[in-house]
Structures are given as structure tokens and as C-alpha cells.
Amino acid sequence: MIHLLAQLPVPRDIPLELPAAEGLIKFVLIVSFLAHILFVNLMVGGATLTLVFELLGLRRKEYDRIAHAIASTVTVNKSLAIVLGVAPLLAINVLYTVWFYTATSITGTAWMGVIPLVIIAFLLTYLHKYTWNPRKGTRSVTGKLLHAAILLPAVLLFWFIPIIFLANINLMLFPEHWREVGGLFDAAMLANVWPRYLHFMLASLSVVSLFCVWWLGRDASLASVETT
């Protein structure tokens, strides 16, 4: 083990005391991450279902109204996901500094690319939301397709960005592979990444489906969409 640590591309430890008790930081990490990932699930799943229902709405108008109702929640859940993501990011940096730093440095280009990618995805969701005029119920098929095309790249980004996060966090757990990994692709091919990815994406669709059962089941929800 000592021989392995001596060969790692990072310092073996950082000689600084933790700002709080280790147990407290772990508690903050777990609780804040659970809150964060809930709204990430709602954001990713909500954007995906919005696109699906909007495309289905090309043939049946009621699906278009459902898509509009779900779209109104995506940007709100996005904001909550961002705010609630600060605490777990800080906590993981404090607790697992060496491992997190090393993983992010190995996947550095892709990791730094997360920031512009999420900005583009968020801007597209806002553009899609505020260019949706429910009064234009007689929009042409071409107009509806162009509007759905605004959301498509955002959904693709929402499905791609988790690969970067999961590959990076998973890489932390396997320091014996650090010297073998040359970037995001190598990190994504390590064990557990794709099963975790599929679990996350299916969970996003499941969580947002349960949320929509409640959200769309409210009497005022679709009624408000119809009258706006």
C-alpha cells in the first residue's frame, strides 16, 4: 500500500485539520446530496418528458398541454438543483480532497467543460420555455418541430453531462487505475460507471413521473395552462 501511495500523481495527504467534525461533514454531504440529486432528477427527467410529450402533441393536442405544464417546472427545479449542489460539492472537496482533486485533474478537460455545457443547456431550457406561446394553438407542424428542436440539444446535454460526473466520482474510488486513465473516455470505461449511469437516468424518469402524477393531478394545473 505504501509503495502504491508513493507512485500516485498527487500528495499522499494534506496536513490541514478539517473545519468541522468528520461525522458532521459526512452528514452534511449525504443529506445535501440527496436533496440536490432529487431536483437534478426532476430537471433531467422533466426536460426529457417535455420533449417527448411535445413531439406526441404534434398529433394530439392534449399531449402538447401536458408538455407545456411540465416545461414550466424544469427551470424552477434547475435553480433548486444548482443551489442545493453547492453544499455537497464543498463537503466532498473537504473530506476527499486528494482523491477528488486527482480524479478531476485526470479528466480535467471534460470536467472543466461541464460549466459551459450546463450553461448552454440552461439557456436552451429558458429559450424553449419563454418562446412557448400557448395561445397559438393552431401552430403549424413545422413551427412545433422548430420549437421542440430548441429543447432537443438541452436534453442531449442533460443526458451526457451525468457521464462526466459519474466517471469522475467513480474514478475517485479506484486509485490503482489513475495512471492508466488518460481522460474521460478511459474513466467512463471503468467498472460501475455505466450501471450507475443507467440507474441515474431511469431514476430521473421514475422520479419525475411520480412528480407529474401529483403536479398534473392538481385541478388548477392544466386548467391554468388552458386559460393562459
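Values in this document were obtained by computation on a predicted structure and should not be read as measured data. (Residues numbered from 1 in each chain as written. Predicted model: local features only at pLDDT ≥ 70, side-chain atom pairs only at ≥ 80, totals over all residues. Heavy atoms only, no water.)

Student: Looking at this structure, I do not really get the overall build of the protein. What am I missing?
Tutor: When its secondary structure is counted, the protein shows ten helices and zero strands. Across the protein, helices and strands are ordered from the amino to the carboxyl terminus as α-α-α-α-α-α-α-α-α-α. The long-range share in the protein, meaning contacts at least 24 apart out of those at least 6 apart in sequence, stands at 78%. Counting every atom, the protein has about 12,900 Å² of accessible surface; 71% of that belongs to carbon and sulfur. (Helix = DSSP H or I, 4+ residues; strand = E, 2+ residues; numbered from the N terminus. Contact = heavy atoms within 4.5 Å. Areas by Shrake-Rupley, 256 points an atom, 1.4 Å probe, with all protein chains shown as cover.)

Student: Mind showing me how you'd approach the packing of aromatic side chains here?
Tutor: What describes a pair of aromatic rings is the distance from one ring centre to the other and the angle between the planes of the rings. Scanning all chains against the criterion turns up nine aromatic pairs. Measuring from centroid to centroid gives 5.2 Å for Trp111 and Phe165, while their planes differ by 70°, and the two rings are edge-to-face. Note that Trp111 is positioned in helix α6 (residues 108-130) and Phe165 in helix α7 (residues 141-172), a separation of 54 residues in sequence. Among the aromatic residues, those joined into a ring-pair cluster are Phe100, Trp111 and Phe165. Above the plane of the ring of Phe122 lies Lys78, whose end atom (NZ or CZ) is 5.2 Å from the centre. (Phe/Tyr/Trp six-rings, centres within 6.5 Å; stacked < 30°, edge-to-face > 60°. Lys NZ or Arg CZ within 6 Å of the ring centre and 35° of its normal.)

Student: Please explain α7 as it appears in this structure.
Tutor: Side chains that are three or four residues apart share a direction in an α-helix, a result of its 3.6 residues per turn. For α7, which comprises 32 residues, the first-to-last C-alpha distance of 48 Å matches the rise-based estimate of 46 Å (1.5 Å per residue) to within 8%. Considering bend angle alone, the principal kink of α7 is centred on Ile150 and spans about 25°; proline Pro153 follows within four residues of it. (Expected span 1.5 Å × (residues − 1). Bend = angle between axes of the 7 residues up to and from the residue.)

Student: What is the right way to read helix α4 (residues 86-95) from this model?
Tutor: By the burial criterion, the buried members of α4 are Pro88, Ala91, Ile92 and Leu95. For α4, the angular spread of the buried residues around the axis is 95°, confining them to a single face. Buried residues along α4 sit in contact with α2 (22-56), α3 (61-84), α5 (97-106) and α7. (Buried < 20%, exposed > 50% of the residue type's maximum accessible area, 1.4 Å probe, protein only. Arc of directions from axis to C-beta.)

Student: What is the right way to read a nonpolar patch on the surface from this model?
Tutor: A contiguous nonpolar surface patch, about 670 Å² in accessible area, is contributed by Leu24, Phe27, Val28, Ile30, Val31, Phe33 and Leu34. With respect to the element layout, Val28 can be found in helix α2. You can call Val28 partly exposed: its relative accessible area is 35%. (Patch = residues over 30% accessible without salt bridge, like charges linked within 9 Å, V, L, I, M, F, W, Y side chains within 5 Å. Salt bridge = Lys/Arg side-chain N within 4 Å of Asp/Glu carboxyl O.)

Student: Is there a simple way to explain the nonpolar core in this structure?
Tutor: Inside soluble globular proteins, nonpolar side chains tend to come together where they are buried. The biggest cluster of nonpolar side chains holds 58 residues, and the ones touching the most others in it are Met43, Phe158 and Leu171. For this core, the secondary structure elements donating two or more residues are α2, α3, α4, α5, α6, α7, α8 (184-188) and α9 (193-217). Here the element with the most residues in this core is α7; it accounts for 13 residues. For Met43, the residues in contact, after removing those within four places along its chain, are Val74, Asn77, Lys78, Phe122 and Phe158. (Core = buried A, V, L, I, M, F, W, Y, C linked by side-chain atoms within 4.5 Å.)

Student: Would you mind showing me how to read the pattern of salt bridges here?
Tutor: If the charged atoms of two oppositely charged side chains come close together, the side chains can form a pair. All chains considered together, the criterion is met by two salt bridges. A salt bridge links Lys26 to Glu22, with the shortest nitrogen-to-oxygen separation between them at 3.1 Å. Of the two residues, Lys26 and Glu22 both sit in helix α2, four residues apart, roughly one turn of that helix. Residue classification places Lys26 among the partly exposed residues on the basis of a relative accessible area of 33%.

Student: Is there a simple way to think about the side chain of His36 in this case?
Tutor: For His36, the location among the structural elements is in helix α2. Among the residues examined, His36 registers a relative accessible area of 18% and is labelled buried. There is a polar contact of 3.4 Å between the side chain of His36 and the backbone nitrogen of Gly85. What His36 contacts, discounting residues up to four positions off in sequence, is Ala81, Leu84, Gly85 and Pro88. (Polar contact = N/O pair within 3.5 Å; in protein donor to acceptor, adjacent residues only side chain to side chain.)

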